[in-house]
Amino acid sequence: MIVLDQENKVFTLHTRNATYQMKADRSRVLLHTYYGPRIGGGDLSRLIQYADRGFSPNPSEAGSNRTYSLDTLPQEYSSCGVGDFRLPSIEFEPADGSRLADLRYAGYELKKGKYGLPGLPAFFGGDEWETLVIHLMDSTCKTSVKLFYGVLEECDLITRAVQVVNEGSRPVQLRRCASLCLDFQRGDMDFITFDGCHAQERGLNRSPLRPGVQSVESVRGTSSHHHNPFVILCESGANEDCGTCYGAMLVYSGNFLAAAERTQLENNRLLLGINPYHFCYTLAPGQTFTAPEAALVCSPSGFGQMSRQFHRAIREHLIHDLYEGKRRPVLINNWEATEFHFDAAKLVSIAAAAAPLGIELFVMDDGWFGVRDSDSSGLGDWSVNERKLPGGLEALVPKIQELGMSFGIWIEPEMVSEDSDLYRARPDWALRAPGRPFTRGRSQLVLDFSRKEVRDYVYGAIKQVLGSAGITYVKWDMNRSLTDVWSASLASSRQGELFHRFVLGVYDILDRMRRDFPHILIEGCCGGGGRFDAGMLYYTPQIWCSDNTDAIDRLRIQYGTSFAYPVCAMGSHVSAVPNQQTGRSVSMETRGVVAMAGTFGYEMDLNHTTEEERETIRRQTAFFKEHYDLIQRGDYYRLSDPCAAPYAAWEQAAPGGGEALVSLVYGSNHAAAPFRTLRLKGLNPDALYRVNGGELWRGDVLMAAGFPLPMPTGDYQSLQLYLKAE
Ligand code: DGJ
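Residues numbered from 1 in each chain as written. Predicted model: local features only at pLDDT ≥ 70, side-chain atom pairs only at ≥ 80, totals over all residues. Heavy atoms only, no water.

1. Observations regarding the site of the ligand
Our working rule: Any residue with a heavy atom positioned within 4 Å of a molecule or strand is treated as near that molecule or strand. Nitrogen and oxygen atoms within 3.5 Å of one another constitute a polar contact, given that in protein one can donate a hydrogen and the other can accept it, and given that sequence-neighbouring residues count only through two side-chain atoms. Per-residue and other accessible areas follow the Shrake-Rupley method at a 1.4 Å probe size, with only the shown protein chains counted as cover for residues. Space inside and on the surface of the protein is sampled on a 1 Å grid over the protein atoms alone, with a cavity defined as a set of points where a 1.4 Å probe fits but cannot get out and a pocket as an open set with protein on both sides within 12 Å along at least 5 of 7 lines; lining residues have an atom within 4 Å of a point. If over half the atoms of a molecule are within 2 Å of the grid points of a cavity or pocket, the molecule is regarded as sitting in it. Classes in brief: Ala, Val, Leu, Ile, Met, Phe, Trp, Tyr, Cys and Pro nonpolar; Asp, Glu, Lys and Arg charged; the others, Gly included, polar.
For the ligand, the set of nearby residues contains 13 residues, the closest of which are Asp365, Asp366, Lys475, Asp477 and Asp547. Here Gly528 contributes a backbone N or O atom positioned 2.9 Å from an oxygen atom of the ligand. Surface burial for the ligand is 97%, taken as the share of its 290 Å² of free accessible area covered by protein chains. Given that more than half its atoms are within 2 Å of the pocket grid, the ligand belongs to the largest pocket. Tallied by class, residues from the shell around the ligand come to four nonpolar, three polar and six charged.

What follows is the structure, given as structure tokens:
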């Protein structure tokens, strides 16, 4: 609910559990007055203190009043070079070369429903949303800024976006444009980020804010394996179930910067948006720049509630799920079984072993096109390699369908191999700077997706493949970071737009694909989880979580991922043992339990399994299908931190607590282990639950005292408890 106090220019945004407020003061500076647990309202600018602080300058209208300084006031969208020395939200350069931005309040609009952003992914929905637009203006530079706020009350979600318009008669260069600025009139907060590398994505790191700026970013052209565009600021004592915390997510898949600053007044500022690194966007007179959307959830009761609110908002208002209300298929992918070395008979044999076990979709991964026997050739030549697959997809797909399975395919549209017909014909379509040697990544180059003719060609080729056979699933991969970022189609003064234009190009093709093939489920992938972000989720309902398929490593990766992203978004498969990445062997049971914390599928040749393992797989797929709604759409509770506890445990509970599934994986086993109980969450305290069809337990007992855990008898054993209220 948005409440306006027009006289005092106070704007209050209420969600179910939180309140957000800003106010335009007498100088028309837009102050941020409050964000935290829900309160009744009122003008909270009374919280702001004024004092003459040394070296904090005063704007001209303050006259001799030295207590009024932009450097000390909490700002809604911070200015640049005119008195606020903290992180600037925006920086622009008009023709005179000044880099000053002084934004003052110029009006507002209030609308029912949710705003959209041209060419960019954004949360969507109907009248359950309200939109507030605040107009700011730098009247000297004649540049206006619109701040968009979308309020989704039930999910405690507030989205933000920014548009900058050059209202003058000469070009303006935009050098920085954050999507979100959030000033806290409090110190004593922790900054939580999700970091790692290829095959070890999204590990949780938490540290108290110390004076100065702490930040995570990507300059790789993708959101990256290394840092995720999702961060948390929280009270220092906050944990899963208590303490106020603020999650901030960027709905964007390119370079980003998330920076938290502890200020001289021991307050904090959070900034999130496109990374100013190599960013400079020229706005011609009348032109608009739209910054990507950011989304906020404030939870007054810990991380668990924050995550559940993000999960619900993402499931219902960001992902376009063609399987909405239905079940996505259980899949098998051939990558780890064959890599590039397969032919039609091999693929059919993998599918034939999978079909009787309840697996419904066969995905043909990398290696089916061009001359592609290794990762050094073929990318860009999107026609079937008939040496491997005689008769093409028209011959292969019916054989898969005869097994009762549907068919999916892998593509990597953004890339080109030097050894490809496409590169031989159009070497100028790859990103590279004139007169310089270029940098290879996985032996491949990146296509210049800022160019429409490049996108049109690539999309045309892919469209032909997707339309040629009964394809119901696509895995969209991307296997290197961007370097040599220079485009032949942009003037030298506009090369700073290229990183962003590349991302818009990716979104353009994804959008075309979604519209032309609405029946195809797209899974995003970037060498595993190198582009696991809310921007991609708008187009690809699920994303391959990591190239690391080791069940034990996956516990930590999926734990970190779960802070922002729902189970139904996390691509997760059972793979063969010993695991290709770690050499570790764990049981089929445990591998299945871990994969069921995501979209669930298999990535191995099931011809090489024992009858006992096949029986386990049969049970797993049947169990997954039976409890699909609970697993994929239930409320998600983290029951332990797998980095700190001797086990990883999590739970999906139906809203209201009618049923729940508890999953637990032990770490390595030790002699003389203590007796342990596991306290559950999200149950109905008064209900009686039948556990795995056997004993009855009260909900309050399970939540307050816990369930006694059986002693493991070996390493990495697992447990699933299905609870049904009677
Ligand atoms: C990286 C992906 O993450 C893998 O799953 C696989 O598709 C390979 N690329 C194929 O090259």
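2. Some thoughts on empty space enclosed by the protein
Test applied: Grid points are joined across faces, edges and corners, and a volume is the space filled by probe spheres set on the points. Only DSSP runs of H or I reaching four residues or more are called helices, and only runs of E reaching two or more are called strands; each is numbered from the N terminus. Note that the domain bounds were set by an automatic or database domain assignment.
One pass over the structure, following the stated rule, counts ten cavities of 30 Å³ or more. In this structure, the largest cavity spans a volume of roughly 90 Å³. Lining the largest cavity we find Leu555, Gln558, Tyr559, Met570, Ala597, Tyr636, Arg638, Ser640, Pro642, Ala648, Ala649 and Trp650. Elements with a contribution of two residues or more to the lining of the largest cavity: α9 (551-562), β31 (635-638) and β32 (647-653). Grouping the constituent residues of the lining of the largest cavity by class yields nine nonpolar, two polar and one charged. For the lining of the largest cavity, the two domains that each supply at least three residues are domain 2 (331-629) and domain 3 (637-725). Taken as a whole, the second largest cavity encloses approximately 70 Å³ of empty space. Lining of the second largest cavity is provided by Val29, Leu30, Leu70, Gln75, Tyr77, Ser79, Asp102, Leu103, Arg104 and Leu136. By residue class, the composition of the lining of the second largest cavity is six nonpolar, two polar and two charged.

3. Quick look at the sheet that holds β31
Counted only if it meets this: In short, DSSP must find at least two bridges between two strands for them to pair. To define axes, lines are fitted to C-alpha atoms, for helices over the stretch in contact only, and angles between the resulting N-to-C directions are given on a 0 to 180 degree scale. Working rule for contacts: check all heavy atoms of both residues, and any pair within 4.5 Å makes them a contact.
Reading across the sheet, the six strands line up as β31-β32-β33-β38-β35-β36 and stay open at both edges, with antiparallel pairing between neighbours. Looking along the sheet, the strands with just one partner apiece sit at the ends: β31 and β36 (696-698). Shown here is a sheet whose adjacent strand axes are inclined to one another by a mean of 25 degrees, direction ignored. Its contacts with the sheet place α9 against β31, β32 and β33 (659-666), and it is angled at close to 120 degrees to β31.

4. What about the sheet that holds strand β7 (residues 129-138)?
If you trace the nine strands from one edge of the open sheet to the other, you get β6-β7-β8-β9-β19-β15-β14-β11-β12, paired in antiparallel fashion. For this open sheet the edge positions go to β6 (104-112) and β12 (200-208), each flanked by a neighbour on one side alone. Here the average twist between neighbouring strands, direction ignored, is 20 degrees. The sheet contact formed by β7 and strand β8 (residues 143-152) spans ten bridges and is antiparallel. Looking at β8, one finds that Met137 is bridged to Ser144. Relative to β12, α9 is tilted by about 60 degrees, and along the sheet it contacts β11 (189-197) and β12.

5. Thoughts on the nonpolar core
Under the convention used in this document: Throughout this description, the term nonpolar core refers to a set of buried Ala, Val, Leu, Ile, Met, Phe, Trp, Tyr and Cys residues connected via side-chain atoms within 4.5 Å. Buried means the residue's accessible area, taken with a 1.4 Å probe over protein chains only, is under 20% of the maximum for its type, while exposed means over 50%, and partly exposed covers the values in between.
Counting 193 residues, the largest nonpolar core has Met364 and Trp368 as the members making the most contacts within it. Within the second largest apolar cluster, 22 residues are counted, among which are Leu639, Leu683, Leu702 and Leu719.

6. Some points on the layout of surface pockets
Over the atoms a probe the size of a water molecule is rolled, and this reveals where empty space is left. One number sums up the size of the largest pocket: a volume of about 450 Å³. Forming the boundary of the largest pocket are 31 residues, of which His198, Asn479, Gly527, Gly528 and Asp547 lie nearest the centre. Its residues assigned to classes, the lining of the largest pocket comprises six nonpolar, 14 polar and eleven charged.

7. Thoughts on the environment of Gln214
Mapped onto the secondary structure, Gln214 falls in strand β13 (residues 212-217). The class of Gln214 is buried, set by a relative accessible area of 9%. It is 5.3 Å that separates the C-alpha atoms of Gln214 and Ala260, two residues lying 46 residues apart in sequence. Not counting the four nearest positions on each side in its chain, Gln214 is found in contact with Phe191, Ser207, Pro208, Leu209, Ala258, Ala259 and Ala260. Within the structure, the side chain of Gln214 is placed 3.0 Å from the backbone oxygen of Arg210, a separation counted as a polar contact.

8. Concerning the pattern of salt bridges
Condition: Salt bridge, as applied in this entry: a Lys or Arg side-chain nitrogen positioned within 4 Å of an Asp or Glu carboxyl oxygen.
Counted under the stated rule, the structure contains 59 salt bridges. Across the salt bridge formed by Arg698 and Asp700, the nearest N and O atoms sit 2.9 Å from each other. Relative accessible area serves as the criterion here: at 28%, Asp700 is assigned to the partly exposed category. Linked through salt bridges whose partners overlap, the residues forming this network are Glu91, Glu93, Arg99, Arg175 and Arg176.

9. Describing the pairing of strand β38 (residues 718-725)
Examined bridge by bridge, β33 and β38 share seven bridges and lie antiparallel to one another. Bridge pairing in β38 places Leu661 opposite Tyr722. Note: strand β35 (residues 688-691) against β38, three bridges, orientation antiparallel. Looking across to β38, one finds that Arg690 is bridged to Lys724.

10. As for the packing of aromatic side chains
Counted only if it meets this: Stacked, edge-to-face and tilted labels apply to pairs of Phe, Tyr and Trp rings (six-membered ring for Trp) whose centres lie within 6.5 Å, assigned for plane angles under 30 degrees, over 60, and everything in between, in that order. The criterion is that NZ of a Lys, or CZ of an Arg, lies within 6 Å of the ring centre and within 35 degrees of the ring normal, and then a charge sits over that ring.
Applying the stated criterion across every chain yields a total of 34 aromatic pairs. Ring geometry for Phe624 versus Tyr628: centroids 5.5 Å apart, planes at 85 degrees, classification edge-to-face. An identical accessibility class is assigned to Phe624 and Tyr628; each is buried. Residue placement shows Lys388 over the ring face of Phe342; its charged tip is 4.9 Å from the ring centre. Over the face of the ring belonging to Phe563 we find Arg638, whose NZ or CZ atom lies 3.6 Å from the ring centre.

11. Here's the deal with the domain arrangement of the protein
The condition that has to hold: When two parts are brought into contact, each loses some accessible area as probed by a 1.4 Å sphere; the total of that loss over both is the buried area.
The domain architecture assigned to the protein consists of domain 1 (2-317), domain 2 (331-629) and domain 3 (637-725). Computed over C-alpha atoms, the centres of domain 1 and domain 2 are 34 Å apart. Carbon and sulfur atoms supply 55% of the area that domain 1 and domain 2 bury against each other, a total of about 3,600 Å² over both sides. Between the two partners, domain 1 and domain 2, sit zero salt bridges. Elements with a minimum of two residues in the side of domain 1 that touches domain 2: β12, β14 (230-235), β15 (245-251), β18 (281-283), β19 (288-299) and α1 (302-317).

12. Remarks on the packing of helix α6 (residues 452-468) against helix α7 (residues 498-516)
Note the cut-off: Roughly parallel here means an angle under 35 degrees, roughly antiparallel means over 145, roughly perpendicular means 65 to 115, and every remaining angle is called oblique. The hand of a helix crossing depends on one turn: near helix anticlockwise from the far one by less than a right angle means left-handed, and clockwise means right-handed.
One can describe the packing of α6 onto α7 by two numbers: an axis separation of 11 Å at closest approach and a directional angle of 30 degrees. Taken as axis vectors, α6 and α7 run roughly parallel relative to one another. Taken as a pair, α6 and α7 cross one another with a handedness that is right-handed. Facing Arg455, Asp456, Tyr459, Lys463 and Leu466 of α6, the residues of α7 in contact are Gly505, Asp508, Ile509, Arg512, Met513 and Asp516. A per-class count over the contact of α6 with α7 returns four nonpolar, one polar and six charged.

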